[in-house]
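Notes for the structure review
Single-letter residue listing:
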Amino acid sequence: TSYYKNMAEYKATADKESSSTEKKYSVFFGRWQPFHKGHYWLINERLKLGKNVWIAIRDVKPDEKNPWTAHEVLMNLSEELQDLLQTGRVHISIVPDIESINYGRGVGYDIIEHVPPQEIGEISATNIREQMKKDGLL
């Protein structure tokens, strides 16, 4: 049996004193294909609290759902978030593709779910890509 009856009963808490660096980041993994208003809302949830954000771009193989390479996404995000990058509030990098996100007990950081308002939650990158195709932008 599981040590915790329900993982919702357990939340890791951030260890504010253990970092070897002064700056800590809230990390978001994604494909960002393309970066849109919903993504901006998500990262802004941390930025508006004065937190730094690390955007991790999953290195996925381009296909119908992922029309851009990870490098192209990096270039797009770098342009889109140029001001935040210059202030050091945002860090962007390409990471190997992931199959899952895992954590153990007392891992030293928070696990946070951000539930968007309905109009943000309904944003679909698939629909955005379809419109871009119709407009000749993809």
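Residues numbered from 1 in each chain as written. Predicted model: local features only at pLDDT ≥ 70, side-chain atom pairs only at ≥ 80, totals over all residues. Heavy atoms only, no water.

Across soluble globular proteins, you tend to see nonpolar side chains buried next to one another. Of all hydrophobic cores here, the largest spans 18 residues; its most connected members are I55, L77 and L81. For this core, the secondary structure elements donating two or more residues are α1 (37-47), β2 (52-59), α2 (70-80) and β3 (90-96). Element by element, the count of residues in this core is highest for α2, at 4 residues. L81 has contacts with F35, Y40, I43, I55, V90 and I92, leaving out every residue within four places of it along the chain. (Core = buried A, V, L, I, M, F, W, Y, C linked by side-chain atoms within 4.5 Å. Buried < 20%, exposed > 50% of the residue type's maximum accessible area, 1.4 Å probe, protein only. Helix = DSSP H or I, 4+ residues; strand = E, 2+ residues; numbered from the N terminus. Contact = heavy atoms within 4.5 Å.)

Here we take up a nonpolar patch on the surface. A cluster of nonpolar side chains, contributed by V27, F29 and I101, occupies part of the molecular surface with about 270 Å² of accessible area. Examined against the element boundaries, I101 turns out to sit in the loop between β3 and α4 (118-121). (Patch = residues over 30% accessible without salt bridge, like charges linked within 9 Å, V, L, I, M, F, W, Y side chains within 5 Å. Areas by Shrake-Rupley, 256 points an atom, 1.4 Å probe, with all protein chains shown as cover. Salt bridge = Lys/Arg side-chain N within 4 Å of Asp/Glu carboxyl O.)

Turning our attention to the pattern of salt bridges. Under the definition given, this model contains 4 salt bridges. The partner of R58 in a salt bridge is D97, with the nearest N and O atoms 2.6 Å apart. On the criterion of sequence distance, the pair formed by R58 in strand β2 and D97 in the loop between β3 and α4 is long-range, its members being 39 residues apart. On the accessibility criterion, D97 (39% relative accessible area) is partly exposed. The residue K133 makes a salt bridge to E64 at a minimum N-O spacing of 2.1 Å. With K133 in helix α5 (residues 125-134) and E64 in the loop between β2 and α2, the pair connects residues that are 69 residues apart, well separated along the chain. Beyond isolated ion pairs, a larger network of salt bridges with shared partners links E64, E130 and K133.

Going through the model one piece at a time under the given rule, you end up with 2 aromatic pairs. Geometrically, the ring pair formed by F29 and W54 is tilted, given 6.4 Å between the ring centres and 55° between the ring planes. Note that F29 is positioned in strand β1 (residues 25-30) and W54 in strand β2, a separation of 25 residues in sequence. Classification of W54 as partly exposed rests on a relative accessible area of 28%. Residues W32 and F35 carry aromatic rings whose centres are separated by 6.1 Å and whose planes lie at 40° to one another, so their mutual orientation is tilted. You can call W32 buried: its relative accessible area is 4%. A residue is classified by how much of its surface remains accessible, and F35, at 11% relative accessible area, is buried. (Phe/Tyr/Trp six-rings, centres within 6.5 Å; stacked < 30°, edge-to-face > 60°.)

Time to look at the environment of V60. Assignment of secondary structure puts V60 in the loop between β2 and α2. Exposure remark for V60: the relative accessible area of 10% places this residue in the buried category. C-alpha separation for the pair V60 and V95, spaced 35 residues apart in sequence, amounts to 9.5 Å. Contacts of V60, omitting those with residues within four sequence positions, involve R31, Q33, N66 and D97.

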